[in-house]
Amino acid sequence: MIISYNLLQTYFAKKLPKPDALAEALTFHAFEIEGIEKKNNDSVIDVKVLPNRAHDCLSHHGVAREVSAILNLEMEKLPKAKYPKSNPKTKKVAVEVKDARAIRYETLVIENVKVGPSPMWLRAHLENLGQRSVSNVVDATNYVMFLLGQPLHAFDYDKLKNAKIIVRPAKAGEKMTTLDGKDVVLDPDVMVIADASGVLGIAGVKGGTSAEIDEHTTNLVLEAANFEAESIRRTSQRLGIKTDASKRFESGLTPTITEDALIMVAHLIVDVAKTEDTRVGIALDKYPKKQKKVNVSVTLYDICHILGADFSEKEVESVWKRLGLPFAKKGKGKETLYSVAIPPARLDLR
């Protein structure tokens, strides 16, 4: 995961250590560092995120949480963001989910945008992260993915048949041309995003050309979704297609971040691609089985015994707080029992 030092700094009011010192802290406490490189007015750190932490640390936000815990630096607390003001006259899109492997599927329509080059600041950030600028709309979806870890996709609303999106298994022998021009043959083990006329994209892996964003696009359907990790992994391997999106989905992602990502990208697109007539619709959210809350219980004796060290209640509780793990406790001394509430993003803690 390529991390921009400048973007990481935006999560903290206090000045971070210099890139070399920051990389050293990450190495000793969390991840191996593959390298540090100066790019334009930034330093980029190549962080090797292993699969057990890919679900929450393939993002600047996730790495910032680790930095916060390691350095005991408080992250900036931002107010809860909301969607841009909706207009009831905005076009509607219907969504039908016919595949249980789609855990959550959110859409938002934005009308009357102007697709074109991204502003310099956005192009520069993506270039520093090793990405090619495509257009303001596509760049916005990629930028938010690198910030939050949630893949996003934009469809051209006017290219959809009957203004409807269907999430379903592919039909045997069904074909699609990917955005990079690769022709693929699909089968029912592959989950696709489709409309009434055919496949729009391979769910969680790659978009197709039939509803791609181009310079003539004026109306968008934004997608923020969560898909079963094992399904995406199998599809990616079978088709030989590895993308930034598939890498994140196949490691498992919390479905709770789709809304945050959709809100962020909607604001960004309105900012970089708006016209005088831009209108934003109302988000449509298909989320039938919500992620269950998880609590883990452990005693102070267990912690000390397993780690082979003598920790005090104060030390342990400091770690819970720095990691952002709310807890309740009963008892005293080594018999202290902690009940720790696991944040939705930490799928590794069970």
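Residues numbered from 1 in each chain as written. Predicted model: local features only at pLDDT ≥ 70, side-chain atom pairs only at ≥ 80, totals over all residues. Heavy atoms only, no water.

**Q** Please set out the sheet that holds strand S2 (residues 32-39) residue by residue, giving values where relevant.
**A** As summarised here, the arrangement of the 3 strands in space is S1-S3-S2, forming an open sheet in which the pairing is antiparallel. Strand pairing shows two members of the sheet lacking a second neighbour, strand S1 (2-4) and S2, which therefore form its edges. Along the sheet, successive strands turn relative to each other by an average axial angle of 25°, direction set aside. Judged from the 3 bridges that link them, S1 and strand S3 (residues 42-48) form a sheet pairing that is antiparallel. Within the sheet, the bridge partner assigned to isoleucine 3 lies in S3 and is isoleucine 45. (Pairing = 2+ DSSP bridges. Helix = DSSP H or I, 4+ residues; strand = E, 2+ residues; numbered from the N terminus. Axes fitted to C-alpha atoms, helices over the stretch in contact; angles between N-to-C directions.)

**Q** Describe the pattern of salt bridges, and please don't skip the residues or the numbers.
**A** Across all of its chains, the model carries 25 salt bridges by this definition. In this structure, aspartate 56 engages arginine 53 in a salt bridge whose closest nitrogen and oxygen atoms are separated by 2.8 Å. Across the pair, exposure class does not vary: aspartate 56 and arginine 53 are buried alike. Close ionic contact of lysine 159 with aspartate 214 constitutes a salt bridge, the shortest N to O distance being 2.8 Å. In this pair, lysine 159 is assigned in the loop between strand S6 (152-156) and strand S7 (164-169) and aspartate 214 in the loop between strand S12 (206-207) and strand S13 (220-227), connecting sequence segments 55 residues apart. Of the residues examined, lysine 159 reaches a relative accessible area of 31% and is grouped as partly exposed. Accessibility expressed as a relative area gives 22% for aspartate 214, which makes it partly exposed. Here the salt bridges do not stand alone but share partners, grouping Asp99, Arg101, Asp187, Asp189, Glu230, Arg234 and Arg238 into one network. (Salt bridge = Lys/Arg side-chain N within 4 Å of Asp/Glu carboxyl O. Buried < 20%, exposed > 50% of the residue type's maximum accessible area, 1.4 Å probe, protein only.)

**Q** Break down the side chain of threonine 235 for me, citing the residues and quoting the values.
**A** Mapped onto the elements, threonine 235 comes out in helix H7 (residues 229-239). Overall, threonine 235 belongs to the buried group, its relative accessible area being 3%. Setting aside anything within four residues of it in sequence, one finds threonine 235 in contact with Asp189, Val190, Ile202 and Val205. (Contact = heavy atoms within 4.5 Å.)

**Q** How would you sum up the packing of aromatic side chains? Please name residues and give values.
**A** In the structure shown here, the tally under the stated rule is 4 aromatic pairs. Their ring planes at 75° and their centres at 5.8 Å tell us that phenylalanine 327 and tyrosine 338 sit as a pair that is edge-to-face. Separated by 11 residues along the polypeptide, phenylalanine 327 in strand S17 (residues 327-330) and tyrosine 338 in strand S18 (residues 337-342) bring together distant segments of the chain. The exposure class assigned to phenylalanine 327 is partly exposed, which follows from its relative accessible area of 26%. Given the relative accessible area of 0%, tyrosine 338 is considered buried. An aromatic cluster is present here, built from Trp320, Phe327 and Tyr338 joined pairwise through their rings. (Phe/Tyr/Trp six-rings, centres within 6.5 Å; stacked < 30°, edge-to-face > 60°.)

**Q** Would you mind going over unusual backbone geometry in detail, with residue names and values included?
**A** One non-glycine residue, asparagine 112, adopts positive backbone phi at about 60°. As for its placement among the helices and strands, asparagine 112 is situated in strand S5 (residues 102-113). The phi angle at asparagine 162 is positive, at roughly 60°, despite the residue not being glycine. By the element assignment, asparagine 162 lies in the loop between S6 and S7.

**Q** Quick rundown of the sheet that holds strand S16 (residues 294-299)? Include the residues and the values.
**A** Spatial ordering of the open sheet is given by S16-S18-S17, a layout of 3 strands whose pairing is antiparallel. For this open sheet the edge positions go to S16 and S17, each flanked by a neighbour on one side alone. In this sheet, neighbouring strand axes are inclined to one another by 20° on average, regardless of whether the strands run parallel or antiparallel. As paired strands, S17 and S18 are joined by 4 bridges and run antiparallel to one another. Within the sheet, the bridge partner assigned to phenylalanine 327 lies in S18 and is valine 340. Set on the sheet, helix H10 (residues 300-307) makes contact with S16 and S18; between it and S16 the angle comes to about 75°.

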